[in-house]
Amino acid sequence: MEIPFLNLKRENERYTSEIREAVSRVINSGWYILGEEKNSFENEYATYCGVKHCIGAGNGLDAIRLILMAYMEQGVMQKGDEVILPANTFIATALAVSQCGLIPVFADCDITTYNIAPESVIEKITSRTKAIIAVHLYGQIAAMDQLKQIARQHNLKLIEDAAQAQGAIYNGKKAGNLSDAAAFSFYPVKNLGALGDAGAVTTDNEDLARIVRSLSNYGSDRKYMHEYKGLNSRLDEMQAAILSVKLKHLDRDNQRRKEIAAYYSENIKNVNIILPDNKDGKSHVFHLYVIRTDNREQLQLFLSDKGIQTQIHYPIAIHKQPAYSVSAGLNLPVAEQLQDEVLSLPLYASLTDDELHRIVEALNNY
Ligand SMILES: *Cc1c(COP(=O)(O)O)cnc(C)c1O
C-alpha cells in the first residue's frame, strides 16, 4: 500500500457530515460574499488567536500584501523601502513584498530550527529597512523574542507569516498574536485548511485592521465609496463556514501531528539522517517534519521504492529563483545548504500508526 505524502481526502472525510451541513447552510442562505459566515469565522479565529481583530482574505499571499499595503497607506513605509525576510520560505512571502513595490532583503537562517537567524537580520538592516517578516517555517515559531527586540531597537514593524503555524503557542501566546500583524493562509494543505483558497490577517491594531478590511474589499467600507486603491480579496462564505467547522478540530489535529513528530524523533535511528529541532515541543505544530541528509535524492528514491512519498520544501532558496535573479549573488550559506539537504516526511493527523511504523522502519533500514 502506497503512503501518500498527504491524503487530503482522508483528512477532510473525518469531518464530512459537519462540512456538508455548513455547505448546505451557505447554499440555503442565498448570500455568498461578505456575510454572517465570514463575520463568525473572523470572530472565532480572533478569539482563538487571542487578538482583537481578524480580517478574512482571499488567500495567504494577499493577507501579507494587505498588511504591507495598509502600512503604506498609513505612511509607515513607501515604495523602495526594504523588508527583511528569510531566504528559505515559500515564495509568497517575497512576492507580497515585491508586489507592493517594496524591496525584499533575504536573510539567512538557523541550521537547527530552519527559521530566520536574528544575527543575519541585524546584518541586513539599512536606513531603508521598515519591516521584518518572520515566517514560522514548517510550523515552528521563529525566534520572536529576539526579533521583537531587534524590531524595537531599529523602529521596524514585525510581521508574522503564520501560514504554516495555525495554533502554535510561544510563551503562552498563539501564532498571529506575536507581532504587529500576522498573515495566515488556509490553503487546503495547511494545518487549518479550507476546501479552496482562503486567508486572513490578525492584529491588535485597530487602525491597521480598518485599513486592511477596506483594502480587501476594493478600498471601500461603504458601497461605491472608495478611500483606497484596494484589492478584491475576500474570504467567501463557503470557505468561512468550512473553516469554522475545521477550527473546532484544529487543536486535536495539531496534537496528533505532535504525537507523530515525537514518534519520528524518538524512533528514527540512522546516522545518515539529521532530525529536526524539537526541544521546545510547544512552539511547533509540525506543519511539516523535515529531515536532512547528504544524499537526499538517493533517500527519496529508496523510500519511493517502498511506496512512501516524500516532498522537498524547498528545493530552491528564493534568492536562487529565476524571478529573483537580482539577488542570485547573495551569500546565504545555511539557506543554500538546507535547499540541498531537506526532505519532508508524510505527517498529517489521519496518518495511521501502521503507516507511521512502516515509514520509520524504512528509514532505519536505509
Ligand atoms: C502557503 C504559504 C503562503 C501562501 O498562501 P496562499 O494561500 O497559497 O497564497 C505564504 N507563506 C507561506 C510560508 C506559506 O506556506
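Sequence order as written defines the numbering, with residues in each chain counted from 1. Restriction of local features to residues with pLDDT of at least 70 applies here, the model being predicted, together with a cutoff of 80 or more for giving and counting side-chain atom pairs; totals for whole chains, interfaces and linings are based on all residues. Side-chain measures here rest on the full set of heavy atoms in the structure, leaving out hydrogens and waters.

- The name that an unreviewed UniProt entry assigns to the protein chain is DegT/DnrJ/EryC1/StrS family aminotransferase, with the source organism given as Dysgonomonas termitidis.
- UniProt positions are given in the numbering used here, feature names are shortened, and annotations may be inferred rather than shown by experiment. Taken from UniProt, the Sequence similarities (unreviewed entry) comment for the protein chain reads in full: "Belongs to the DegT/DnrJ/EryC1 family."

**Focus on the pairing of strand β9 (residues 199–203)**
For step 1, the next point in the chain: The buried count for β9 comes to five of five residues, which makes it a mostly enclosed element.
For step 2, the next point in the chain: Exposure categories follow from relative accessible area, calculated using a 1.4 Å probe and restricted to protein chains: below 20% of the type maximum is buried, above 50% is exposed, and the middle band is partly exposed. Here a helix means four or more residues in a row that DSSP labels H or I, a strand means two or more in a row labelled E, and each is numbered from the N terminus. Residues Gly199, Val201 and Thr203 line one face of β9 and the alternating positions Ala200 and Thr202 line the opposite face, and both faces are buried.
For step 3, the next point in the chain: In this scheme, strands are said to pair when DSSP sees at least two bridges between them. The sheet contact formed by strand β1 (residues 53–57) and β9 spans five bridges and is antiparallel. Across the sheet, the residue bridging to Gly56 is Ala200, located in β9.

**Focus: the packing of helix α2 (residues 16–29) against helix α9 (residues 237–267)**
For step 1, the next point in the chain: Look at α2 against α9: their axes get within 9 Å of each other, and the N-to-C directions meet at 150°. Compared by their axis directions, α2 and α9 come out roughly antiparallel. Remark: the crossing between α2 and α9 carries right-handed chirality. When α2 is examined against α9, the residues Glu18, Ile19, Ala22, Val23, Arg25, Val26 and Ile27 are found in contact with a partner set consisting of Glu237, Met238, Ala241, Ile242, Val245, Lys248 and His249.
For step 2, the next point in the chain: The classification used treats Ala, Val, Leu, Ile, Met, Phe, Trp, Tyr, Cys and Pro as nonpolar, Asp, Glu, Lys and Arg as charged, and all other residues, Gly among them, as polar. Of the residues in the contact of α2 with α9, the class split is nine nonpolar, one polar and four charged. Working convention: axes come from line fits to C-alpha atoms, limited for helices to the stretch in contact. Angles between N-to-C directions cover 0 to 180 degrees. Roughly parallel means an angle under 35 degrees; roughly antiparallel means over 145; roughly perpendicular covers 65 to 115; every other angle is labelled oblique. Each helix crossing is assigned a hand: it is left-handed if the near helix lies turned anticlockwise from the far helix by less than a right angle, otherwise right-handed if that turn is clockwise. Residue contacts follow a heavy-atom distance rule, with two residues in contact if any of their heavy atoms lie within 4.5 Å.

**Focus: the pairing of strand β4 (residues 129–135)**
For step 1, the next point in the chain: For β4, the tally of buried residues reaches six of seven residues, placing the bulk of the element in the interior.
For step 2, the next point in the chain: We call a crossover right-handed when, viewed with both strands directed away from the observer, the connection leading from the first strand over the helix to the second proceeds clockwise. After leaving β4, the chain enters helix α7 (residues 144–153) and then returns to the sheet as strand β5 (residues 157–161), a path that is right-handed.

**Here we look at the packing of aromatic side chains**
For step 1, the next point in the chain: Any pair of Phe, Tyr and Trp rings, taking the six-membered ring for Trp, is counted once the centres come within 6.5 Å. Such a pair is stacked with planes under 30 degrees apart, edge-to-face with planes over 60 apart, and tilted for the rest. One pass over the full model with this rule turns up twelve aromatic pairs.
For step 2, the next point in the chain: Judged by centre distance (5.1 Å) and plane angle (85°), the ring pair of Tyr45 and Phe184 falls under edge-to-face. Taken as a pair, Tyr45 in helix α3 (residues 36–49) and Phe184 in strand β8 (residues 181–185) lie far apart in primary sequence, 139 residues in all.
For step 3, the next point in the chain: Judged by relative accessible area, Tyr45 falls into the buried class, the value being 0%.

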